[in-house]
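# A structural walkthrough
Take a look at the letters that make up each chain.
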Amino acid sequence: QVQLVESGGGLVRAGGSVRLSCALSGRTFSMYAMGWFRQAAGEEREFVAAISRSGGRTDYADSMRGRSTISRDNAKATVYLQMNSLKPEDTGVYYCAAKMTWGDYSVQGSEYDYWGQGTQVTVSS
């Protein structure tokens, strides 16, 4: 059974940075495309970033492009999300997700097979 465990969230001031980590266990990490999603209170879950199995291709939500970097270390079975220039509207619970695939990542949460428990990021103004 695949398990995803996020870490790295917390309280940060606007303009600051945070690095989220998500460790996968139970299966071969390199078989999964990985994504990050977030959900603000009272809002729908939304796509943040995704990365291919090899790490060679990435994609970002328009709101995060230029302010965030998704990366992965297949040897450590971990995916990262570095977020900079944070804004209060970035506040939410951040989830990592794994999509087992021979193909590409997805920006659709419904296409992911496994989810972490989430980590809270709160950006104060």
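Higher on the page you've got the structure.
Quick caveat: nothing in here was measured; it's all calculated off a predicted structure. (Residues numbered from 1 in each chain as written. Predicted model: local features only at pLDDT ≥ 70, side-chain atom pairs only at ≥ 80, totals over all residues. Heavy atoms only, no water.)

### Quick look at the overall build of the chain
Of the regular secondary structure elements, the chain holds zero helices and 11 strands. Its helices and strands taken in sequence order, the chain reads β-β-β-β-β-β-β-β-β-β-β from the N to the C terminus. A compact globule built from 125 residues should have a C-alpha radius of gyration of about 14 Å, and the chain, at 13 Å, falls within 12% of that. Counting only C-alpha atoms and orienting by the principal axes, one finds that the chain spans roughly 40 × 25 × 25 Å. For the chain, the residues scored as buried account for 45% of the 125 residues in total. Across the chain, contacts joining residues at least 24 apart in sequence account for 60% of those joining residues at least 6 apart. Split by element, the accessible area of the chain, about 6200 Å² in all, is 45% carbon and sulfur. In the chain, 13 positive and 12 negative side-chain charges are present, and the distance between their average locations comes to 7 Å. (Helix = DSSP H or I, 4+ residues; strand = E, 2+ residues; numbered from the N terminus. Rg over C-alpha atoms; globule rule 2.2 N^0.38 Å. Buried < 20%, exposed > 50% of the residue type's maximum accessible area, 1.4 Å probe, protein only. Contact = heavy atoms within 4.5 Å. Areas by Shrake-Rupley, 256 points an atom, 1.4 Å probe, with all protein chains shown as cover. Lys, Arg positive; Asp, Glu negative; His and termini not counted. Charge placed at Lys NZ, Arg CZ, Asp CG, Glu CD.)

### Here we look at the environment of S25
Relative to the elements of secondary structure, S25 occurs in strand β3 (residues 18-25). Sequence separation of S25 and E44 is 19 residues, and the distance between their C-alpha atoms is 27 Å. Beyond its immediate sequence surroundings of up to four residues, S25 is in contact with Q1, V2 and Q3.

### Some words on unusual backbone geometry
In this model, A77 sits at a positive phi of 55 degrees, which is unusual for a non-glycine residue. For A77, the position within the fold is in the loop between β7 (68-73) and β8 (78-83). Overall, A77 belongs to the buried group, its relative accessible area being 16%. Its identity as a non-glycine residue notwithstanding, S85 has a phi of 50 degrees, on the positive side.

### Looking at the nonpolar core
With 36 residues, the main nonpolar core has M34, W36, L81 and M83 as its most contacted residues. Every element with two or more residues in this core is listed here: β3, β4 (32-39), β5 (46-51), β8, β9 (92-100) and β11 (119-124). Excluding anything up to four places from it in sequence, L81 contacts V18, R19, L20, W36, V48, A49, S68, T69, I70 and Y94. (Core = buried A, V, L, I, M, F, W, Y, C linked by side-chain atoms within 4.5 Å.)

### Observations concerning the state of the cysteines
Summed over all chains, the structure comprises one disulfide. The side chain of C22 participates in a disulfide bridge whose partner is C96; the two sulfur atoms lie 1.9 Å from each other. Between C22 and C96, the disulfide has an S-S torsion of 45 degrees and is therefore right-handed. In this pair, C22 is assigned in strand β3 and C96 in strand β9, connecting sequence segments 74 residues apart. Take C22 and C96: they sit in the same class, and that class is buried. (Disulfide = S-S within 2.5 Å.)

### Considering the pairing of β7
A one-sided burial pattern is seen for β7, the buried positions being S68, I70 and R72 and the unburied ones T69, S71 and D73. Remark: four residues form the turn of the hairpin made by β7 and β8, two consecutive strands paired antiparallel; A77 in that turn has positive phi of roughly 55 degrees. (Pairing = 2+ DSSP bridges.)

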